[in-house]
Amino acid sequence: MNEDTLTNLVARGLVDKVISLFNKYLDTQLKIRNEKRVLPYISKKRVMEDLDISDGTLDNWEKHGLNRYKPKYKTSLIYYLIDDICKFIIIDT
């Protein structure tokens, strides 16, 4: 097998993986948006479960502009606007 063919195979594998991951996030985004909700917010815990991401990932997103919302009363609960989360998981082209 020559080097050019190996490079093409590796590149194709990476493209397939990116497409697969993008489709997974797109399905999750549609699931989140289509749920019947009274409020446009989603809890931090639910975001981590639905998107299968860590607390560190959300912290990183916050450093890059994701807004968090906390109730005015004393609590550790954190919420995000669903539309804000959806903007963060879209891949810009």
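Here we summarise the structure given alongside this text. The shown structure was predicted, so the numbers you read here are calculated from the model rather than taken from an experiment.

1. So, the nonpolar core
Inference 1: Ranked by size, the top nonpolar core spans 13 residues in total, and within it Val47, Leu51, Leu58, Trp61, Tyr80 and Ile85 carry the most contacts.
Inference 2: The set of elements that each furnish at least two residues to this core consists of helix 2 (44–51), helix 3 (55–63) and helix 4 (82–89).
Inference 3: Top contributing element to this core by residue count: helix 4, with four residues.
Inference 4: Apart from the residues within four sequence positions on either side, Leu58 is in contact with Lys44, Val47, Met48, Ile53, Leu66, Tyr80 and Ile85.

2. Brief notes about the side chain of Lys44
Inference 1: With respect to the element layout, Lys44 can be found in helix 2.
Inference 2: Residue class for Lys44 comes out buried when judged on its relative accessible area of 13%.
Inference 3: Within the structure, the side chain of Lys44 is placed 2.6 Å from the side chain of Asp55, a separation counted as a polar contact.
Inference 4: In this structure Lys44 touches Asp55, Leu58, Asp59, Arg68, Ile78 and Tyr80, once residues within four positions along its chain are discounted.

3. With respect to the packing of helix 2 against helix 3
Packed helix pairs are specified by the crossing angle of their axes together with the interaxial distance, meaning the distance between the axes.
Inference 1: Where helix 2 meets helix 3, the axes come as close as 10 Å, and the angle between the chain directions of the two elements is 110°. Between helix 2 and helix 3, the angle is such that the two are roughly perpendicular. Read as a crossing pair, helix 2 and helix 3 show a hand that is right-handed. The segment helix 2 lies against helix 3, with Lys44, Val47, Met48 and Leu51 engaging Asp55, Leu58, Asp59 and Trp61.
Inference 2: Looking at the contact of helix 2 with helix 3, its residues break down into five nonpolar, no polar and three charged.

4. What about the packing of aromatic side chains?
Inference 1: For the coordinates displayed, the defined rule picks out one aromatic pair.
Inference 2: Between the aromatic rings of Tyr41 and Tyr69, the centroid separation amounts to 5.5 Å while the plane-to-plane angle is 65°, which identifies the pairing as edge-to-face. Here Tyr41, found in strand 1 (residues 41–43), pairs with Tyr69, found in the loop between helix 3 and strand 2 (79–81); they are 28 residues apart in sequence, far enough to count as distant.
Inference 3: Since its relative accessible area comes to 32%, Tyr41 is described here as partly exposed.

5. Focus on unusual backbone geometry
Inference 1: Even without a glycine there, the phi angle at Asp52 is positive, about 55°.
Inference 2: Here Asp52 lies in the loop between helix 2 and helix 3.
Inference 3: The exposure class assigned to Asp52 is exposed, which follows from its relative accessible area of 59%.

Definitions and cut-offs
Residues numbered from 1 in each chain as written. Predicted model: local features only at pLDDT ≥ 70, side-chain atom pairs only at ≥ 80, totals over all residues. Heavy atoms only, no water. Core = buried A, V, L, I, M, F, W, Y, C linked by side-chain atoms within 4.5 Å. Buried < 20%, exposed > 50% of the residue type's maximum accessible area, 1.4 Å probe, protein only. Helix = DSSP H or I, 4+ residues; strand = E, 2+ residues; numbered from the N terminus. Contact = heavy atoms within 4.5 Å. Polar contact = N/O pair within 3.5 Å; in protein donor to acceptor, adjacent residues only side chain to side chain. Axes fitted to C-alpha atoms, helices over the stretch in contact; angles between N-to-C directions. Parallel < 35°, antiparallel > 145°, perpendicular 65-115°, else oblique. Left-handed = near helix turned anticlockwise from the far one by under 90°. Nonpolar A, V, L, I, M, F, W, Y, C, P; charged D, E, K, R; others polar. Phe/Tyr/Trp six-rings, centres within 6.5 Å; stacked < 30°, edge-to-face > 60°.

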